[in-house]
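Coordinate inspection notes
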Amino acid sequence: MKDLIINDRIRNIAIIAHVDHGKTTLVDQMFRQSGLFRENQEVDERIMDRMDLERERGITIAAKNCSISWNGTKINILDTPGHADFGGEVERALMMVDGAILLVDASEGPLPQTRFVLKKALENHLKIIVVINKIDRQDAQVEAVLDAVYDLFIDLDADEEQIEFSVLYAIGRDGVAKHELDDESNNLIPLFETILREIPGPSHHPKEPFQMLVTDLDYSDYLGRLAIGRIAHGTIRKNEAMVCIDVEGNQRALRVSKLQVYDGLGMAEVDDADPGDILILSGIEEIHIGDTICTKEQPKALKRITVDEPTIAMFFYTNTSPFSGQEGKLVQANKIKERLYKETLRNVSMQCDETDDAERFLVKGRGELQMAVLVETMRREGYELGIGRPEVIYKEENGQRLEPIEQVYIDCQEDFLGIVSEKLSQRKGRMVNLVNHGSGRIRVQFDIPSRGLIGYRNEFLTDTRGTGILNSYLSGYEPFRGNFPTRFTGSIIADRQGKAVPYALFNLEPRGTLFITPGERVYEGMIVGEHNRESDLNVNACKEKKLTNIRASGKDESVVLTPITPMTLERAIEFINEGEIVEVTPKSIRLRKMELSASARHVNRPR
């Protein structure tokens, strides 16, 4: 568009990287060195990880906005997730920025999620600054990693201008950045200067009316629904009358009650806002991500946010177990439905569909981790619910059934290559590449159906003795590769309600791996362990030792049980088979059969 004006007082950047390459730690140091905190002020580490789950897992789950000021220029920073399961957050965040800092580990180099987030940034024609982080690692291989980054840009069809990126070398933990490896530096000034020099300020047309694309939603107890987005054109003032254009082109009148912009970690109220700034509007009730807010006099919609389609679907149920309602406050179907609908409003990559059964909902998303995070969040909010096994979403094209295919990158010791290759080939995986650096570890790439990875990650950690690293990203859809067994073992199922007894569990140990401990409550249909064989086994976990009045000649031996691995949500989701669900409450994670009655399961079993 001709006659564009650049707002040089603002820079909008996203920080993109693979999981655990140091994004959030670098943002911490940018805050500290930009003068956001006073000297000697005590500040937590990983400030941007505001959710409890983010702090516990050490990963970024939701994209978050903040801002710093450097030499009179405001820099809006978006910290984005590095996991493909939260790709919707990345796509949403990249709509608000003009450039991105691509962070790459100096030892690990570009990994699958690096490819995913960079591909999205290049598609949006963003200016990229590459920062090779953790150059102080003993196993750092900076030159090889830089070559791999160039290869990645070429592989993703970057144009000549995009390949001419600036490179910085950093130790994010210490707040050090430098232009050359042998430069002397003890601060991030080179990074700040490069951002101001390389990342363009937001552009706008002076004659265009006010337009803002809603890219995020928030909620305040005092202000109600908050709409967040970047001003595309024009200016806005408090109490001004506007309209909101929805997905169908309908217009709804609204009045802006409060204007806020990002100021450091928080928000600051303003009377008006300039083009290019990221704005928080309040006074709007009915609004969705992707809607356009514009003037009443010249309503004009912006291009809506488009995100990749969901690849995984999972059923959510109301909790119907005998222990329902004993540990959670929110158990009703309408409460679960409201919560799932609320999630789809804020998370553009998730969908929730109602089914014929009022007690069951179909939730679609990007992956198991995204689903597990949603369930864990609901659990902490006091919900009780049941969840089924994740299933992939197929497509039909020209009468052919297509399924999602993932590129899997595995880093493990040479000794484990055989078992890993065997397991993945059973799941219809194909080896694409193998690199052996002669260090005892190898890096191998497979392409495999998404359904082949469901339930495999824990098995992979067991097979590689906990030393293997597995990463993957969705590469596209291919013709259906055929059926394969997902689990070679059956379940050990309790046949009555009561409390588990040490004597009974001790005698069940030879039959498989147990999931429960003595004193734990069980009910008919609850899965208490994994059977050694393919068939299910109904057992009495409450059986006590029969006492007699005859004294034994030898002293009764005390029962010593094998310690169990605590059941986590991800492990439970991966374990369950068809006809099984996970019962999730604020205090417990239990596995159960969908049909609790053993006799009913026997009658209805496939012949």
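This section reports on the structure supplied with the text. Computed from a prediction, not measured in an experiment: that's the story for all the values here.

Next up on the list: the sheet that holds strand E10 (residues 211-220). Within a sheet, neighbouring strands are paired by backbone hydrogen bonds and run either parallel or antiparallel to one another. Spatially, eight strands are ordered E14-E13-E19-E10-E11-E18-E15-E16 in an open sheet, and the strand pairing comes out antiparallel. On the outer flanks of this sheet lie strand E14 (251-255) and strand E16 (266-270), each paired with one strand and no other. For this sheet, the mean angle separating the axes of adjacent strands, direction not counted, is 40°. The sheet contact formed by E10 and strand E11 (residues 224-233) spans nine bridges and is antiparallel. Bridge assignment links Gln211 to a residue of E11, and that residue is His233.

Turning to the pattern of salt bridges, a few remarks are in order. By the definition in use, this model includes 35 salt bridges. One salt-bridge network, held together by shared partners, links Asp105, Lys134, Arg137 and Asp139.

Before going further, it helps to spend a moment on the state of the cysteines. Taken as a whole and judged by the stated rule, the model has zero disulfides. Cysteine Cys244 is unpaired, with the sulfur of Cys294 as its nearest cysteine sulfur at 8.1 Å.

Our next topic: helix H4 (residues 112-123). Given a rise of 1.5 Å per residue, 12 residues ought to cover 16 Å, and the 17 Å separating the end C-alpha atoms of H4 matches this to within 8%. Those residues of H4 not exposed but buried are Pro112, Gln113, Thr114, Arg115, Phe116, Val117, Leu118, Lys120, Ala121 and Leu122. Just past H4, the residue His125 takes up positive phi, approximately 60°.

A positive phi angle, near 50°, is found at Asn71, a position not held by glycine. Along the chain, Asn71 falls in the loop between strand E3 (64-70) and strand E4 (73-79). Given a relative accessible area of 65%, Asn71 falls into the exposed group. Of note, the phi angle at Lys428 is positive, near 70°, even though the residue is not glycine. Turning to its location among the elements, Lys428 is positioned in the loop between helix H10 (417-426) and strand E27 (430-436). For Lys428, a relative accessible area of 29% gives the class partly exposed.

Quick look at the packing of aromatic side chains now. Given two aromatic rings, their pairing is described by the distance between the two centres and the angle made by the two planes. For the structure shown, the criterion picks out eight aromatic pairs. Ring centres of Tyr456 and Phe460 lie 6.0 Å apart, and the angle between their planes is 45°; on these two criteria the pair is classed as tilted. Phe460 shares its class with Tyr456; the two are buried. Relative to Phe575, the ring of Phe515 lies with its centre 5.1 Å away and its plane at 90°, an arrangement referred to as edge-to-face. A residue pair is termed long-range when its members are at least 10 positions apart, and Phe515 in the loop between strand E32 (512-514) and strand E33 (521-522) and Phe575 in helix H14 (residues 569-575) qualify at 60 residues. With a relative accessible area of 11%, Phe575 lands in the buried category.

Conventions we followed
- Residues numbered from 1 in each chain as written.
- Predicted model: local features only at pLDDT ≥ 70, side-chain atom pairs only at ≥ 80, totals over all residues.
- Heavy atoms only, no water.
- Pairing = 2+ DSSP bridges.
- Helix = DSSP H or I, 4+ residues; strand = E, 2+ residues; numbered from the N terminus.
- Axes fitted to C-alpha atoms, helices over the stretch in contact; angles between N-to-C directions.
- Salt bridge = Lys/Arg side-chain N within 4 Å of Asp/Glu carboxyl O.
- Disulfide = S-S within 2.5 Å.
- Expected span 1.5 Å × (residues − 1).
- Buried < 20%, exposed > 50% of the residue type's maximum accessible area, 1.4 Å probe, protein only.
- Phe/Tyr/Trp six-rings, centres within 6.5 Å; stacked < 30°, edge-to-face > 60°.

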